[in-house]
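What follows is each chain in one-letter form.
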Amino acid sequence: MDWMDGLLFPIMVAVAWIMVQFHDLLTTLGLDPAGGAAWALSIVGLVIVIRILLIPLFFKQIKASRGLQLVQPEMQALQKKYKGKTDPASREAMSREMMELYRKHGTNPFASCLPLLLQSPIFFALFRVLYELPRLADGTYPRGESIGPMTQQLAAQAEAATIFGAPLSGTFMQADGNWNIRIVTVILIIAMSVTTFTTQRQLTMKNMPPAALQGPMAQQQKILLYVLPLVFAFSGVNFPIGVLIYWTTTNLWSMGQQFYTIRRMPAPGSEAEAALKARQARKAARKGVGIEESSQGPVAVIEEKPRGQREQPKRKDRAKARPSQAPTKPASPGAGGTSGKGKGAPPSAGKSRPQGGRPSGTTRAPGKSSGSGAVDGPDAS
């Protein structure tokens, strides 16, 4: 595939440069320059550099994935609206409304694939570098004596380097009876498939709200969850061992990166968000802080505990002795018509008088009183 080398040659040079720099560093640290550990760790270093460069795109991928999750209920309503309508006008209107939904939520179906798409040229460039190591070491490489800093001498060292007896450029289909190549390849294929499945599962099952787990798109994601590991398993027999190391390492990086992101910044309404709130509640309970829900998420509220201030004693008012009231005799009905029902009774009859203990229905005229205790009015003389 010389045409592929011509298409990917600049990327192949960049890949070879990163590998050579890590190989020199590891050799300085004491590893054997011709050993498999130095070259395998150089591939791991290549993964680290590439994934660090892709971190901004990773956060864009997370944002796009969450936007796709949030748009699912509206997308299902839109699909029900145009269900059974196959005319061109309806399909055009449906596409237009779908694009408007994506624009409204600030997402794009292709944005979630950016890290994978950008890694693909690097993946194939590494594949070509490892594939061309034998010809480069023999001096028969058609494009020159080196691939960037990967000279003929370094290519011979990388070609001779082995991991458990398997060379980095060996493949399962071209093992030529070398069981070491086949065993190492099978182990790496299983590791690659398991890490791919785990990464996709924690993204789709733990970080999606229940509404996003329904509908045609959710069913496609569930199918891909089981199909992709099988695709890698069957295609991995054609990949060199160095490429399998690269792919397994990048899967481990993705799994750890997603685990951290889902744990710290889960999607709204997902299982991971419920777990985050439970952890925050337990942490708040240990610190004596309450958690309240608001429109912007959980808010910590400090609960005021009773302070140890001494309560001041209160003065008790003593009951004052009231003057004793002398018993009075009831007024006689015939004593000058001064009963409560008489014509000459004043308006305040029937009410108690606050002083003297006398009935308030009578008044005392100066110097005149009746023998019965009732008091005559002014014209009773």
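For every chain, the first residue of the written sequence is number 1, and numbering continues from 1 onward in sequence order. Restriction of local features to residues with pLDDT of at least 70 applies here, the model being predicted, together with a cutoff of 80 or more for giving and counting side-chain atom pairs; totals for whole chains, interfaces and linings are based on all residues. The side-chain figures draw on all heavy atoms in the structure; neither hydrogens nor water molecules are used.

**Overview of the overall build of the chain**
- Across its full length, the chain carries twelve helices and four strands.
- The buried label goes to any residue with under 20% of its type's maximum accessible area, the exposed label to any with over 50%, and the partly exposed label to all in between, with areas taken from a 1.4 Å probe on protein chains only. Taking all 381 residues of the chain together, the buried fraction comes to 35%.
- Only heavy atoms matter for contacts: two residues are in contact if any of them lie within 4.5 Å across the pair. A sequence separation of at least 24 residues applies to 66% of the contacts in the chain between residues at least 6 apart. For the purposes of this entry, the term helix denotes a DSSP run of H or I that reaches at least four residues, the term strand denotes a run of E that reaches at least two, and both are numbered from the N terminus.

**Considering the nonpolar core**
- We define a nonpolar core as any set of buried Ala, Val, Leu, Ile, Met, Phe, Trp, Tyr and Cys residues linked to one another through side-chain atoms lying within 4.5 Å. Membership of the largest hydrophobic core comes to 52 residues, with the highest contact counts inside it found for Trp 39, Leu 46, Leu 126, Ile 147, Met 150, Ile 245 and Tyr 246.
- Looking at this core, the elements with two or more residues in it are helix H1 (2-28), helix H2 (36-53), helix H6 (114-131), helix H7 (133-138), helix H8 (152-160), helix H9 (179-204) and helix H11 (241-264).
- The biggest single contributor to this core is H1, with nine residues.
- Those residues in contact with Leu 126 that lie beyond four places of it in its chain are Val 15, Met 19, Ile 43, Leu 46, Gly 242, Val 243 and Tyr 246.
- Formed by nine residues, the second largest nonpolar core is a distinct cluster that contains Val 71, Leu 78, Leu 101 and Tyr 102.

**So, the side chain of Gln 258**
- Tracing the backbone shows Gln 258 in helix H11.
- Not counting residues up to four positions away in its chain, the partners in contact with Gln 258 are Phe 58, Thr 199, Gln 202 and Leu 203.

**Points about the confidence of the model for the chain**
- Per-residue confidence from the predictor is reported as pLDDT, which spans 0 to 100. Looking at the chain, the pLDDT average stands at 75 and 70% of residues meet or exceed 70.
- Across the chain, the secondary-structure element scoring lowest on mean pLDDT is strand E4 (residues 297-302), at 48, and the one scoring highest is H2, at 91.
- Confidence drops under pLDDT 50 across residues 299-304; counting only partners more than four residues distant or on other chains, this segment forms 13 contacts.

**Here we look at the packing of aromatic side chains**
- Here a pair means two rings of Phe, Tyr or Trp (six-membered ring of Trp) with centres within 6.5 Å. Their orientation is stacked below 30 degrees between planes, edge-to-face above 60, and tilted elsewhere. For the structure shown, the criterion picks out eight aromatic pairs.
- When the centroid spacing of 5.4 Å and the interplanar angle of 80° are considered together, the rings of Phe 123 and Phe 239 count as edge-to-face. With Phe 123 in helix H6 and Phe 239 in the loop between helix H10 (216-235) and H11, this pair connects stretches of sequence that are 116 residues apart. With respect to burial, Phe 123 and Phe 239 carry one shared label: buried.
- Relative to Tyr 246, the ring of Phe 123 lies with its centre 6.4 Å away and its plane at 50°, an arrangement referred to as tilted.

**Some details on the pattern of salt bridges**
- Think of a salt bridge as a Lys or Arg side-chain nitrogen and an Asp or Glu carboxyl oxygen that are within 4 Å of each other. One pass over the structure, following the stated rule, counts four salt bridges.
- The residue Arg 103 makes a salt bridge to Glu 100 at a minimum N-O spacing of 2.7 Å. Taken together, the positions of Arg 103 and Glu 100, both in helix H5 (residues 88-105) and three residues apart, correspond to about one turn of that helix.
- The exposure class of Glu 100 is partly exposed, given its relative accessible area of 44%.
- Across the salt bridge formed by Glu 132 and Arg 128, the nearest N and O atoms sit 2.6 Å from each other. Judged on exposure class, the residue Glu 132 and its partner Arg 128 are both buried.

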